[in-house]
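Spelled out, the chains give:
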Amino acid sequence: MATRTARVVFSGWWLALIVLYYAFPDAHLYTWALLGYSSAVAVLVGVRLYRPAQRLPWYLTSAALAFFTTGDSWYNLILAIGRQPGFPGLADLFYLLVYPLITGAFLLFIRARSGSGDNRAALLDAMVPTVGLGLLAWVYWIAPFTRSQDLSVLEKIVSIGYPLGDVLVLAMILRMLTATGKRPKALSSLGLAMVGLLLSDIFYGQSQLRSDWQLGGPVDLGWIVFYTAMGYTALRPGMRQLTERAERSRAVIGQHRLVWLTGAALIAPAVLCLEYIQGRPAEIARGGIVDAPVIAAAAAVMFVLVLARVADLAVAQRQAGARERALREAGTLLFAANTEDEVKDAVQDAIVRLMPAGTPYHLRLSPPTPGTVDLAVDWRTAGELPEGAGGFALALFVTQPLFGGRHGETVLGAAEDVLHAVRPSLQTLAAQVAVVLERIALTAEINQRDSEAYFRTLIQSTADVILIVGDDDTILYASPSATKLFGAPVAVDTPISLLIAADGQDALNDTLARVRHTHGELDGIELTAQGAGRRTMLIECDLRDLRDEPSVAGLVVTMRDVTEQRRLEDDLTHQAFHDSLTGLANRVLFRNRLEQAFMVAERDGATLGVLFVDLDDFKEVNDTLGHAVGDQLLLAVAQRISAIIGAGSTAARMGGDEFAILVEQSNSADATEELAARIVAELDAPLEVPDGEGGLHMVSGKVSVGIAINRDADNATELLRHADLALYLAKGMGKGGWQRYQSDLAHSMVQRLEMRTQLHEAIEDEQFMLQYQPIVELADQQVTGVEALVRWQHPTRGLLGPFHFVEAAEENGAIVGIGSWVLREALRQIAEWKAQDPETTLRYVSVNVSPLQFRAADFVAQVREALDAAGARPEWLLLEITESLVLKDADKVIQDLRALRAMGVRVAIDDFGTGYSSLSYLRQMPVDVLKLDKSFIDDILTSRQQHALVDAIVTLAGNLDLAVVAEGIEEPGQRIALDTMGCHYGQGYHFAKPLWPADIPAMTTIAQPAALSA
């Protein structure tokens, strides 16, 4: 049956049934049944005529029409026999089953059209109007049923089922309408059918509420449109498009869709306004709009959906911009390509750039394949590709024509939504590739036409010599450049052996035989030849066996002069492995020779020694006499070392003023030690070195030497480390000597070095903490101050006192960071104590400052910043400095001390009497407090001289207006004696050991003596 005929017959049949339905009301039972069942049959006929890709959704549609008609027929049959249909009844069951069937059919349509990929944009566009129309359905359709006093619970549930089903079906049709891509014509007919169903259901529901429903009224027109549109849609050829995959377009919002979404979003406020204007009794009785929560929720949902849609558009815009940038970059790479391989690499790079970041994909570019194809970007399933799609169900298949009757194929597998997004960019890229390939083909054709003339000119002008040698080793052809290289023209039939020096004849004969035997090629063969002026030169030869080529019929030998190049390479190699100043081996060469010698010594059981030599006081030479003299001293020392060790050992400059010596030929460690002692003795006498300006200087060349033997090490690296540790030991035990590596001494040295490294980590990890030792007034033993004492909470060794780490911290400079932290923490703590107890007897905190920390250029500023950060007053701080501080930079020290005192900070001299101890500095230096060292206090009860000395110091301090704090008071008699002398303050175990911060406040509020048991 022709499709047009089927539609004409269906239209005529339906028109006749509609006329009969309204003309003969008594025949409603039959005419309405014929209308419904005819529509269901028309759907099945359409499936048979057009054979869509998926038939199940159409079968579900036919079943829904049949169920709907069955419900109507049952309803009309009850009326025909004179009874009133019950509600709910069997007809309602058939009616309600229609909605899941139609919903299922529409879901299958959506699935078939959009595939497995995500189409979030279309879903959001459909949900906005769906929520809006659902709100209308609730307010004017569903809610009246829920509030009806005349309906039972079951009647309300069934009544609500109709509008809910209509909203669900409406959501499905809106989802189909909002899908991207070209819209099928059949979709409009389905939309018309659903509108008819919805309108009739609405009016039917309202009439049910008013109990004025009549069969055969105008309400039936909506259902007639539903039947007619569904059947007619199935009989149109376009019905197949509903189950075919749609080509997606860009995720943009057109003007019509924007108006549509705007109108849908305004439904909630419009309903709210209308409800307010109507002022229905329910709202008046309640004092507000009954459905306000539902309206607000719907408005919120629509707002969130619109925001999600806007966010998707922003993401899509960014992705589109990224793809456009990738295309521009790819175009730059493509148009710079000159070969097919470069084009292939550029295409692969471009596709990588086009794919969204973090997205898995599979890319395969096949080699050129014979055959002519058109440029195309098509869809392929994994089953349609011989090698699959890398685990993906779908792929884009690109065919690219190539010149020479060939084509290339590209397979890009990924998730379907990703492929939809990148397909337009891939099509643009393929078009760009076609243009580039056409340009390359034209260029190749032009180059092919000009190649003969080009290569002729090239050979005539090239600097390399090109020879063709026959089977008898005579020259069949020589390029013009041979005259320049060999100093005379090379005639045809000249034996090639005449061009090569006598010591290179055997190598020449061997090379020619090898090429002829293998019928191949040899590159980089170096021979000695006779050049112009009979000079000997080194030439590099490349040979090709082209005896089978009729146009050549011989061996092609390409020669070039590499004499200067090899000389330059040798010079560079020497510079790379030798010190430029002394000419000795450098660190790299020394390390290579050491590793080789270590392996040989291990194999033979021999003794291998390494000496590290370091000049003593070399920095003073540079600082006083200049770097020119320092360089000459290094050169003289290097020459002296080379003369001492002889040819059997290797000397190297490791950097700065440090040298290393590898002693290979020795049977025991004694030979190495004797060599070290000799070097120390030979360099003990001053060396006479020039300054570069005609002057001579006698300079000390004394050195310290560290020795290590391979029998104490497992590898070359460990041997070097042992020698370095031994040198460190030699330096520490006095300059101008040597030391051999010993594991017991090295262990403590390693521990010390490790501690120096760990100190910096401890500062960063905040491993330090403070204890505080009270400072009391001797008369009444009241705590007036505390001294901050730093402790290190070591991760493995536990709590360490200053004795364990301060010296190492001063050596590596970590004391500056530690001291800065102690200053800040001590000020923070006293500010906290003062805030907790304003009446505390505690007046200040004493903080020790190392000379290295004090000499920092900004130390005064650091103190000021620490006070501000802690919110502490300057008079709360007492800085303790050592007597040795004034030995260097006395003027600057005094200037900084005056600046600190001007701020209000007090200054104390710690351990007075154990260091510099000059009375002159007491007069010059601006200080406030003297702290007597414990060594002075220990014997004041047993030694008359010591008692007198302390008494004199206290008296002197009093005359200079300096306060005195006695340290190390451990006995009551010592306190009484000091108090009698006039010493006002003291600290020690007699009063308290160093305490944690939490224990201090209790001592500063106690009125009685604060002495604790030691």
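In short, a report on the structure.

**Here we look at the side chain of Thr 558**
Mapped onto the secondary structure, Thr 558 falls in strand β10 (residues 554-561). Leave out the neighbours within four places in its chain, and Thr 558 touches Asp 464, Val 465, Ile 466, Glu 540, Cys 541 and Asp 542.

**Quick word on the nonpolar core**
Counting 79 residues, the largest nonpolar core has Leu 759, Tyr 772, Phe 854, Val 863, Leu 879, Leu 900 and Leu 978 as the members making the most contacts within it. Sorting elements by how many residues they give to this core places helix α25 (residues 814-836) first, with ten residues. In this view, Leu 978 contacts Leu 778, Ile 937, Ile 940, Val 950, Ala 966, Ile 969 and Cys 983; residues no more than four positions away in its chain are not counted. Membership of the second largest hydrophobic core comes to 48 residues, among which are Ala 42, Val 43, Phe 68 and Leu 190.

**Some thoughts on helix α13 (residues 340-354)**
Counted at 1.5 Å a residue, the expected span for α13 with its 15 residues is 21 Å, and the 21 Å between its end C-alpha atoms agrees. Residues of α13 that are buried: Val 343, Ala 346, Val 347, Ala 350, Ile 351 and Leu 354. Angular distribution of buried residues about the axis of α13 spans 135°; they occupy a single face of the element.

**What about the pattern of salt bridges?**
Tallied over the full model, the rule gives 27 salt bridges. Close ionic contact of Arg 544 with Glu 521 constitutes a salt bridge, the shortest N to O distance being 3.4 Å. Within this pair, whereas Arg 544 is found in strand β9 (residues 536-546), its partner Glu 521 is found in strand β8 (residues 521-530), the two being separated by 23 residues in sequence. Note that Arg 740 and Glu 673 form a salt bridge whose closest N and O atoms lie 3.2 Å from each other. Note that Arg 740 is positioned in strand β17 (residues 738-740) and Glu 673 in helix α21 (residues 669-682), a separation of 67 residues in sequence. Each of Glu 526, Glu 540, Asp 542, Arg 560 and Arg 566 takes part in salt bridges that share partners, so that together they form one network.

**So, the sheet that holds strand β6 (residues 465-469)**
Paired through backbone hydrogen bonds, the strands of a sheet run either parallel or antiparallel to each other. Strand order in the open sheet made by the five strands is β7-β6-β10-β9-β8, with antiparallel pairing throughout. With partners counted over all chains shown, the strands left at the sheet margins are β7 (475-478) and β8, one partner each. Neighbour to neighbour, the strand axes of the sheet diverge by 25° on average, direction disregarded. In the sheet, β6 pairs with β10 via five bridges, with the strands oriented antiparallel. Bridge pairing in β10 places Val 469 opposite Leu 555.

**Describing helix α2 (residues 28-50)**
Along its 23 residues, α2 runs 33 Å from first to last C-alpha, staying within 8% of the 33 Å computed at 1.5 Å per residue. The positive-phi residue at the C-terminal boundary of α2 is Arg 51, with phi of around 50°.

Parameters and conventions
- Residues numbered from 1 in each chain as written.
- Predicted model: local features only at pLDDT ≥ 70, side-chain atom pairs only at ≥ 80, totals over all residues.
- Heavy atoms only, no water.
- Helix = DSSP H or I, 4+ residues; strand = E, 2+ residues; numbered from the N terminus.
- Contact = heavy atoms within 4.5 Å.
- Core = buried A, V, L, I, M, F, W, Y, C linked by side-chain atoms within 4.5 Å.
- Buried < 20%, exposed > 50% of the residue type's maximum accessible area, 1.4 Å probe, protein only.
- Expected span 1.5 Å × (residues − 1).
- Arc of directions from axis to C-beta.
- Salt bridge = Lys/Arg side-chain N within 4 Å of Asp/Glu carboxyl O.
- Pairing = 2+ DSSP bridges.
- Axes fitted to C-alpha atoms, helices over the stretch in contact; angles between N-to-C directions.

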